[in-house]
Structures are given as structure tokens and as C-alpha cells.
Amino acid sequence: GAVISMVGASDLTIEDCNISHNYAESGGAVSVVSSSDVVIHRSVLTCNTAMLEGGAIYVEMCRKLLLSETSVSHNAALSEAGGAASIDKSEEVIISESVLEQNSGGVRACAATGGCVGVVLEGACGSCRGATCFQLFHFDDVPELVEKYGGGIKVLSSVNTVVSDSILRRNDGGW
């Protein structure tokens, strides 16, 4: 992450922050690996770019990611998925009362699905409650598509994923 990069630390809380116009290999704004809890609350993450995945946020092997009352927009993952966020091997992912819009991932998904992808879940239990999600996928049934989607969020091998009272719109898995 260009602004915050953590490996093996305990908890990270980002609150009431505006993080914008940053560039990194993974997680244009924030990259966290092997930590306990990651909380992003009442913040704005915009116009961040990742060369690989997680335009704004990259989280791997963390106990919990909580994104609440946060706007994540106009971020890009240039090579892979997760224009807003890429989350891998984390126990719990909760997105609540947040807006994720106009983020883009590296591979076009819109043509294949008839609409842009908001959330990708693979190897995870997922739900989209009280949220406006254009599409919510669980890719155990279509494994060859796992790496090709996720303009909004890419979640791989996480135990529990909940999106509630949030808006995910105009995210593009495009080239």
C-alpha cells in the first residue's frame, strides 16, 4: 500500500480519513497481510491505483476486515481483480453502510455477465443483505471465472462475507 503497508502487525484502524491519488503494487491505498483486524470507518478512499490487485485495499490472511460508513470510488486494479478491494484468505469480511462505485478491475466482466460485477466470492460463504448489488457471485460452480471478475470486490477463500446496507454500482471488471 502506498499510504499504509502492514505485514504481521496486530490491528489497523483507519477512521475519518481521506486517502486519495496513491499508487502501489497491491492495495493502492492500504495493504495489510497477516494481521488480526482491519477496520476502515467513516473514510473516503478515492483515485488510488494498484499495479496488480486491490485498487484501494488489499487484505490477505487477516482475521477480519470491517468497512463501514466508507466511500470507495474511482480506484483501479490494473492487472487483476478487485478495483475497490481484493481480500484473500481472511476469516470475516463485513461491508456495511458503504458505497463502492466506479472502481475497475483488470479483466472485462461486463460482456460475459450482461452487467458489471460488484462482488466476487470464491471459496467463501457470502450474502448481500439490504444492499444494492448488481451481481453477487459464488464461483465454486464456475472455477475458470474466478480470476476474471471483480471490478468492485474480489474475495477469495474467506470464511464469512457479508455486504449489508451498502451500494455497489458502476464497478467494471474491464480491461
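Just above sits the structure.
Residues numbered from 1 in each chain as written. Predicted model: local features only at pLDDT ≥ 70, side-chain atom pairs only at ≥ 80, totals over all residues. Heavy atoms only, no water.

A. Region of interest: empty space enclosed by the protein. For the structure shown, the criterion picks out 1 cavity of 30 Å³ or more. The calculated volume of the largest cavity comes to roughly 30 Å³. Residue composition of the lining of the largest cavity, grouped by class: 7 nonpolar, no polar and no charged. (1 Å grid on protein atoms, 1.4 Å probe; cavity = no way out; pocket = protein on both sides within 12 Å on 5 of 7 lines; lining within 4 Å. Points joined across faces, edges and corners; volume = space filled by probe spheres on them. Nonpolar A, V, L, I, M, F, W, Y, C, P; charged D, E, K, R; others polar.)

B. Just the pairing of strand β20 (residues 153–156), in detail. Burial of β20 is two-sided: the residues I153 and V155 facing one way and the residues K154 and L156 facing the other way are all buried. In the sheet, strand β13 (residues 85–88) pairs with β20 via 4 bridges, with the strands oriented parallel. Opposite I87, over in β20, you have V155 as the bridge partner. (Buried < 20%, exposed > 50% of the residue type's maximum accessible area, 1.4 Å probe, protein only. Helix = DSSP H or I, 4+ residues; strand = E, 2+ residues; numbered from the N terminus. Pairing = 2+ DSSP bridges.)

C. A look at the side chain of E53. Its place among the elements puts E53 in the loop between β8 (49–50) and β9 (57–60). A relative accessible area of 13% places E53 in the buried class. A polar contact of 2.7 Å, which involves the side chain of E53, links it to the side chain of S86. Here E53 is in contact with E25, S26, G27, Y58, A77, E80, A81, G82, S86 and K154, once residues within four sequence places are set aside. (Polar contact = N/O pair within 3.5 Å; in protein donor to acceptor, adjacent residues only side chain to side chain. Contact = heavy atoms within 4.5 Å.)

D. Representation of the sheet that holds strand β4 (residues 23–24) within the structure. Reading across the sheet, the 3 strands line up as β4-β8-β12 and stay open at both edges, with parallel pairing between neighbours. Both outer strands of the open sheet, β4 and β12 (76–77), are each paired with one neighbouring strand and no more. Across 2 bridges, the pairing between β4 and β8 is parallel. Its bridge partner being in β8, Y23 is matched across the sheet by T49.

E. Up close: the environment of M51. Here M51 lies in the loop between β8 and β9. Owing to a relative accessible area of 39%, M51 belongs among the partly exposed residues under this scheme. Once the C-alpha coordinates of M51 and S79 are considered, the two residues, 28 residues apart in sequence, prove to be 6.1 Å apart. Non-local contacts of M51, meaning those with residues more than four positions away in its chain, are made with Y23, A24, E25, L78 and S79.

Worth remembering: the numbers are spatial, not functional.
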